[in-house]
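So the chains spell out like this:
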Amino acid sequence: MLNSIKTNATYEDLYTIPKNMIGEIINGELYALPRPSFRHSNATFGLADIRIKYGQKNSGWWILVEPEIKLGENLFVPDLAGWEKKRLPNPPDTNWTTVPPDWICEVLSPSTSESDRKIKMPIYARFRVPYLWLIHPIEKTLEIFKLNDAQWILLVTYSDNDKVIAEPFNEVEIDLANLWWD
């Protein structure tokens with residue numbers, strides 16, 4: 001579980017953390033997270049097919065790597081997030097957006113897995129993020145969640161070298177072998 005480095009945190013407090021870390025504010029507390037590991041980064045990059053298909057200028061989505069998302073008092077930096085362009089037609093004037101994404105993907109690590117599941121998932125549900133993917137690069141799994149009446153429903157868990165077509169990206173097949181380091 002993560003350890004808070006400051007309570008009653010503000011956006012300005014993010015400028016006080018070391019430059020080699022990622023800052024998030026969760027329930028008013030500032031957390032400093034180390035940069036992603038090689039396995040973590042590789043898993044994120046392994047979803048390039050989604051970025052290529054859905055993240056292009058002429059598609060109906062914006063797919064971003066590590067965007068700042070402000071949901072109430074919380075500021076998150078998920079590994080990937082996507083917005084349908086009709087909900088986010090223009091980029092915000094700030095580093096963050098207050099428009100909840102239509103899809104979030106978190107790549108789990110030993111230091112963040114518990115907080116991603118126990119702290120972030122309920123907040124994402126409260127702000128009605130419709131889809132959440134959790135990738136575990138060590139266990140080689142991808143869990144697909146869909147929000148239903150403010151509750152996460154686990155639709156399916158894929159593993160190892162499965163070939164995946166999953167909501168909300170039903171036009172792209174993802175080869176999970178591309179997400180794993182080994």
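Summary of the structure given here. All of these numbers come straight from a predicted model, not from anything done at the bench.

Further remarks concern the overall build of the protein. Of regular secondary structure, the protein possesses three helices and 13 strands. For 182 residues, the compact-globule estimate of 2.2 N^0.38 gives 16 Å, and the C-alpha radius of gyration of the protein, at 16 Å, lies within 12% of that figure. Looking at the protein as a whole, 47% of its 182 residues qualify as buried. Sequence separation of at least 24 residues holds for 50% of the intrachain contacts in the protein that already meet a minimum separation of 6. Put simply, the protein has 19 plus and 25 minus side-chain charges, and the middle of one group is 3 Å from the middle of the other.

By the element assignment, Asn74 lies in strand β5 (residues 74-76). Setting aside residues no more than four positions away along its own chain, Asn74 makes contact with Ile25, Ile26, Asn27, Ile69, Ile123 and Arg126.

Another point: unusual backbone geometry. Cis geometry is found at the peptide bond from Glu167 to Pro168, where omega equals 0°. If you trace the backbone, Pro168 turns up in the loop between β12 (163-166) and β13 (169-175). Here the phi dihedral of Asn27 falls at roughly 50°; this positive angle occurs in a residue that is not glycine. With respect to the element layout, Asn27 can be found in the loop between β1 (21-26) and β2 (29-34). In the Ramachandran plot, Arg128 falls in the positive-phi region, its phi being about 60° despite a non-glycine side chain.

This part takes up the pattern of salt bridges. Scanning all chains against the criterion turns up 13 salt bridges. For Lys118, the salt bridge goes to Glu114, with nearest N and O atoms at 3.1 Å. Of this pair, Lys118 and Glu114 both sit in helix α3 (residues 113-126), four residues apart, which is roughly one turn of that helix. We classify Glu114 as partly exposed; its relative accessible area is 36%. The partner of Lys140 in a salt bridge is Asp182, with the nearest N and O atoms 3.4 Å apart. Within this pair, whereas Lys140 is found in the loop between β9 (131-136) and β10 (141-148), its partner Asp182 is found in the segment after β13, the two being separated by 42 residues in sequence. Each of Glu24, Glu106, Asp116 and Lys120 takes part in salt bridges that share partners, so that together they form one network.

Once that is clear, we can look at the sheet that holds strand β11 (residues 151-159). Whether parallel or antiparallel, the strands of a sheet pair through hydrogen bonds between backbone atoms. Ordered by their spatial adjacency, six strands build an open sheet running β3-β6-β8-β9-β10-β11, and the pairing between neighbours is mixed. Unpaired on one side and paired on the other, β3 (61-65) and β11 mark the two borders of the sheet. Across the sheet, the mean angle separating the axes of adjacent strands is 15° when strand polarity is ignored. Pairing of β9 with β10 involves six bridges; the strand directions are antiparallel. Note that in β10 the partner of Leu132 across the bridge is Phe145. α3 rests against β8 (103-107), β9, β10 and β11 of the sheet, and its axis sits at about 175° to β8.

On to the pairing of β12. By the alternation rule, side chains of β12 split into Val164 and Ala166, which are all buried, and Lys163 and Ile165, of which none is buried. By the bridge criterion, three bridges tie β12 to β13 in an arrangement that is antiparallel. Residue Lys163 lies in a different strand from β13, and its bridge partner there is Asp175. Turn length for the β12-β13 hairpin, with the two strands adjacent in sequence and antiparallel, is two residues.

Rules of the game
- Residues numbered from 1 in each chain as written.
- Predicted model: local features only at pLDDT ≥ 70, side-chain atom pairs only at ≥ 80, totals over all residues.
- Heavy atoms only, no water.
- Helix = DSSP H or I, 4+ residues; strand = E, 2+ residues; numbered from the N terminus.
- Rg over C-alpha atoms; globule rule 2.2 N^0.38 Å.
- Buried < 20%, exposed > 50% of the residue type's maximum accessible area, 1.4 Å probe, protein only.
- Contact = heavy atoms within 4.5 Å.
- Lys, Arg positive; Asp, Glu negative; His and termini not counted.
- Charge placed at Lys NZ, Arg CZ, Asp CG, Glu CD.
- Salt bridge = Lys/Arg side-chain N within 4 Å of Asp/Glu carboxyl O.
- Pairing = 2+ DSSP bridges.
- Axes fitted to C-alpha atoms, helices over the stretch in contact; angles between N-to-C directions.

Geometric values such as these leave the question of function open.
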